[in-house]
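# Secondary and tertiary structure notes
Residues per chain are reported as follows:
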Amino acid sequence: MEKILSGKPLAKLIQSKIKFLIAQEGIQPKMLLIQVGEDPASSYYVQNIINIGNKLGCEVLYNQYPANFTPEDLLTVLDYANTDPSINGIMLQKPLPPSFDELKIAESINPQKDIDCLHPINLGHIILEKDGLVPCTPLAVIYILRYYKIEVEGKHIVIIGRSSIVGKPLANMFLWKKPYANATVTVCHSRTKNLKDITCSADILIAALGKPSFVKEEMIKPESVLIDVGINQITDKDGNQIYVGDIDYNSCFDKVNAITPVPGGIGSVTTSLLFLNLLKACFTARHINKSIDDFLNYILFE
Ligand code: NAD
């Protein structure tokens, strides 16, 4: 088993397969990318999405609206995008201004174009193990474990974090009756008691809590696998802005069998999978049915 589970070769592989499928079908999937305001971290992600989209042969229509854009204005834009047949996927860059009701906005996205998987219908399908659009970050965790041939079935997986976009959907995906799932899952959160006792029992520990270097060596089981979803910007001792994960990489490294780096781990796979969701939505609109498993098998094993 590789010790450092880099996301970079996997991202490259996913992108090359998406590019091939797009060329083979002679299509140009189109994404509407919406940003409200000018959050600098968001703008960085937005640029990354546009660059990858261009590279893959997709069209990314980027609409940036001023911070004084109202929720009603956004609903009008979504109304239009939901029914415009030329738009295959809608991506709403977070954060939205605090006055926006995120659930109401999520419910206003056409579920078939909901490539970031915010709509309750798509999240519900995950619990029911029904094929559909799934959130990219949990999917990136599944892909990285599969890519590096890390057995999940029957393992005790502990997830720290219960957000609707990472922890909760991921926990449910690991419960699927699939070869890359079938795990026993524990979800921890800010009110969990005796966190260390639970994390020390994890065969695979997934940190998705948004606290820099939170998981320390004494919180992990020897020879376990650590997956770090966190991306936190901090100032290092020389005053430079750097990114670190939710796991204290250096203190944990020697004790474990494998660990994802930050940057260059889960985050580098996530954006590529956003385009896989776009492709899936585009195929579905054309009545070409390809399941999550069809794509996974094609990308990783064909
Ligand atoms: P969130 O803030 O919505 O949720 C954090 C969760 O962590 C909450 O459920 C909370 O209960 C839990 N938590 C907080 N403090 C805790 C503590 N001390 N002990 C136990 N649990 C605690 O965050 P999110 O949107 O799920 O993101 C989590 C992290 O993942 C962030 O660092 C974010 O930047 C990163 N992220 C990365 C990607 C990617 O592609 N790699 C995508 C999304 C989010």
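It should be noted that the structure appears before, not after, this text.
## Digging into the site of the ligand
Within the structure, the ligand sits among 21 residues, and Arg162, Ser163, His189, Lys211 and Thr270 are positioned closest to it. Interatomic distance of 3.1 Å between a backbone N/O atom of Ile231 and an oxygen atom of the ligand. Isolated, the ligand exposes 850 Å² of accessible area, and the fraction of that covered by the protein chains is 71%. Looking at side-chain class alone, the shell around the ligand contains 9 nonpolar, 10 polar and 2 charged residues.

## Re the packing of aromatic side chains
The geometry of two aromatic rings is summed up by the distance between their centres and the angle between their planes. Overall, the coordinates contain 5 aromatic pairs when judged by the stated rule. With a centroid separation of 4.8 Å and an interplanar angle of 85°, the aromatic rings of Tyr147 and Tyr148 are classed as edge-to-face. Taking relative accessible area as the criterion, Tyr147 reaches 27% and is therefore assigned partly exposed. On the basis of relative accessible area, Tyr148 is assigned to the buried category, the value being 12%. Looking at Lys17, its charged tip hangs above the ring of Tyr298, at a distance of 4.7 Å from the centre. The ring of Trp176 has Lys178 lying over it, and the distance from NZ or CZ to the ring centre is 5.8 Å.

## Describing helix H1 (residues 8–25)
The terminal C-alpha atoms of H1 lie 26 Å apart, and with 18 residues this matches the ideal 26 Å at 1.5 Å per residue to within 8%. Among all positions in H1, only Leu10, Ala11, Ile14, Gln15, Lys17, Ile18, Leu21 and Ile22 are buried. Down the axis of H1, the buried set is contained in an arc of 165°. They therefore lie on one face. Set apart from the buried face of H1 by more than 90 degrees, the exposed residues are Lys8, Lys12, Ala23 and Gln24. Contacts from the buried residues of H1 go to helix H2 (40–56), helix H6 (136–147), helix H10 (266–285) and helix H11 (292–301).

## A look at the packing of H6 against helix H7 (residues 167–174)
Look at H6 against H7: their axes get within 9 Å of each other, and the N-to-C directions meet at 40°. Between H6 and H7, the angle falls in the class oblique. In contact with Pro138, Leu139, Val141, Ile142 and Leu145 of H6, H7 contributes Pro169, Leu170, Met173 and Phe174.

## Some thoughts on a nonpolar patch on the surface
On the surface, Tyr44, Tyr45, Ile231 and Tyr243 cluster together into a nonpolar patch covering about 400 Å² of accessible area. By the secondary structure assignment, Tyr44 is in helix H2.

## A closer look at the sheet that holds strand S4 (residues 156–160)
The 5 strands lie next to each other as S5-S4-S6-S7-S10, forming an open sheet whose pairing is parallel. Of all the strands in the sheet, just strand S5 (184–188) and strand S10 (258–259) have a single pairing partner and so form its edges. Here 4 bridges tie S4 to strand S6 (residues 204–207), and the two strands are oriented parallel to one another. Paired with Ile157 across the two strands is Ile204, which belongs to S6.

## Quick word on H10
For H10, which comprises 20 residues, the first-to-last C-alpha distance of 29 Å matches the rise-based estimate of 28 Å (1.5 Å per residue) to within 8%. Here H10 lies mainly inside the structure; 16 of its 20 residues are buried.

## Regarding the nonpolar core
In terms of nonpolar packing, the biggest core is built from 67 residues, with Met31, Tyr143, Phe174, Ile206, Ile227 and Phe275 touching the most fellow members. By residue number, the principal contributor to this core is H10, which donates 11 residues. Contact partners of Ile206, with chain neighbours within four places excluded, come to Val141, Ile157, Val158, Ile159, Ile160, Leu170, Phe174, Ile227 and Val229. Ranked by size, the runner-up nonpolar core spans 18 residues in total, among them Leu32, Ile34, Phe100 and Leu118.

## Some remarks on the pattern of salt bridges
Evaluated as defined, the whole model comprises 6 salt bridges. Where Glu102 meets Lys94, a salt bridge forms, and the shortest distance between an N and an O atom there is 3.5 Å. Accessibility expressed as a relative area gives 40% for Glu102, which makes it partly exposed. You can call Lys94 partly exposed: its relative accessible area is 31%. Here Lys280 and Asp131 are joined by a salt bridge, their closest N and O atoms 2.7 Å apart. Residue Lys280 is found in helix H10, and its partner Asp131 is found in the loop between helix H5 (120–127) and H6; the two are separated by 149 residues along the sequence. A relative accessible area of 8% places Lys280 in the buried class.

Parameters at a glance
Residues numbered from 1 in each chain as written. Predicted model: local features only at pLDDT ≥ 70, side-chain atom pairs only at ≥ 80, totals over all residues. Heavy atoms only, no water. Near = heavy atom within 4 Å. Polar contact = N/O pair within 3.5 Å; in protein donor to acceptor, adjacent residues only side chain to side chain. Areas by Shrake-Rupley, 256 points an atom, 1.4 Å probe, with all protein chains shown as cover. Nonpolar A, V, L, I, M, F, W, Y, C, P; charged D, E, K, R; others polar. Phe/Tyr/Trp six-rings, centres within 6.5 Å; stacked < 30°, edge-to-face > 60°. Buried < 20%, exposed > 50% of the residue type's maximum accessible area, 1.4 Å probe, protein only. Lys NZ or Arg CZ within 6 Å of the ring centre and 35° of its normal. Helix = DSSP H or I, 4+ residues; strand = E, 2+ residues; numbered from the N terminus. Expected span 1.5 Å × (residues − 1). Arc of directions from axis to C-beta. Contact = heavy atoms within 4.5 Å. Axes fitted to C-alpha atoms, helices over the stretch in contact; angles between N-to-C directions. Parallel < 35°, antiparallel > 145°, perpendicular 65-115°, else oblique. Patch = residues over 30% accessible without salt bridge, like charges linked within 9 Å, V, L, I, M, F, W, Y side chains within 5 Å. Salt bridge = Lys/Arg side-chain N within 4 Å of Asp/Glu carboxyl O. Pairing = 2+ DSSP bridges. Core = buried A, V, L, I, M, F, W, Y, C linked by side-chain atoms within 4.5 Å.

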